[in-house]
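# Residue-level structural notes
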Amino acid sequence: MPKVLEDYQKIFLKLAIECHALRFGSFQLKSGRESPYFFNLGLFNSGKLLYHVATAYAIAIIHSDLKFDVIFGPAYKGIPLAAIVCVKLAEIGGSKYEHIQYSFNRKEKKDHGEGGSIVGAELADKRILIIDDVMTAGTAINEAFDIIKAEKGVVVGSIIALDRQEIVDLESRDGLSATQSVSKRYNIPVLSIVTLTDIIQYLEGRITPEKKDKIQEYRQKYGVL
């Protein structure tokens, strides 16, 4: 029996479709695969949309009960996410989240003023939650780990908007998705607002059978077991 989607997940998916952050058709991914759907969190670009995406991230984090001190947003997409989710956690999470800080990296180190590549909270000896939009090959989070390690912080988890639940390398024996691979490599939980499973469930009766069949076929070919 499929899990029941939470209200925040339904709202997130509804708005994603309305603002075309989640689209259906034929899209060539960076991996070269032809995907029947495409997700671009950057199209959550108004006050209303940012309010709801921040709420969705915050609720997913609260439900996880993960203990952390700082939200780290890798440049560039992670920067506004870290800031708005930090605010939303303080608003709805109670005293437990009032003192959560946020931080992000510069693409180029600053060589004047205070210098360095980190903006916001210091990372040394802090428990860090990395926030981003999606995770494809895990490249961005690998870079984030290197940055945080260099600053002597400790990564305790990561959260993304969408888990595509897609095998990274079909030739690999492990058959792991990007999120599973990162979780295994760094021994951390990788949280998400929604997964491909959630999308398929939400789309029941909302898109044509042909479009849904194409998503199911894609999942059969590339999805994790």
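Please read all numbers here as calculations on a predicted model, not as lab measurements. (Residues numbered from 1 in each chain as written. Predicted model: local features only at pLDDT ≥ 70, side-chain atom pairs only at ≥ 80, totals over all residues. Heavy atoms only, no water.)

## A closer look at the pairing of strand E1 (residues 22-28)
By the bridge criterion, five bridges tie E1 to strand E2 (residues 34-39) in an arrangement that is antiparallel. Directly across from Phe24, in E2, lies its bridge partner Tyr37. In this structure, the hairpin formed by E1 and E2 is closed by a connection of five residues, where Gly32 is found at a positive phi of approximately 95°. (Pairing = 2+ DSSP bridges. Helix = DSSP H or I, 4+ residues; strand = E, 2+ residues; numbered from the N terminus.)

## Overview of the pattern of salt bridges
This structure, assessed with the given rule, holds nine salt bridges. Residue Lys77 pairs with Asp133 through a salt bridge whose shortest N-O separation is 3.2 Å. Taken as a pair, Lys77 in the loop between strand E3 (70-73) and helix H3 (78-92) and Asp133 in the loop between strand E6 (127-131) and helix H4 (139-150) lie far apart in primary sequence, 56 residues in all. Lys77 gets classed as partly exposed once you look at its relative accessible area, which sits at 46%. (Salt bridge = Lys/Arg side-chain N within 4 Å of Asp/Glu carboxyl O. Buried < 20%, exposed > 50% of the residue type's maximum accessible area, 1.4 Å probe, protein only.)

## Quick notes on helix H6 (residues 196-203)
Every α-helix carries 3.6 residues per turn, so stepping three or four residues along brings you back to the same face. For H6, the buried fraction is high: six of the eight residues fall into the buried class. The set of residues buried in H6 consists of Leu196, Asp198, Ile199, Ile200, Tyr202 and Leu203. Looking at the buried residues of H6, the elements they touch are helix H1 (7-18), E1, E2, strand E7 (154-163), strand E8 (190-195) and helix H7 (209-222). The first or second residue beyond H6 is Gly205, which carries a positive phi of 80°. (Contact = heavy atoms within 4.5 Å.)

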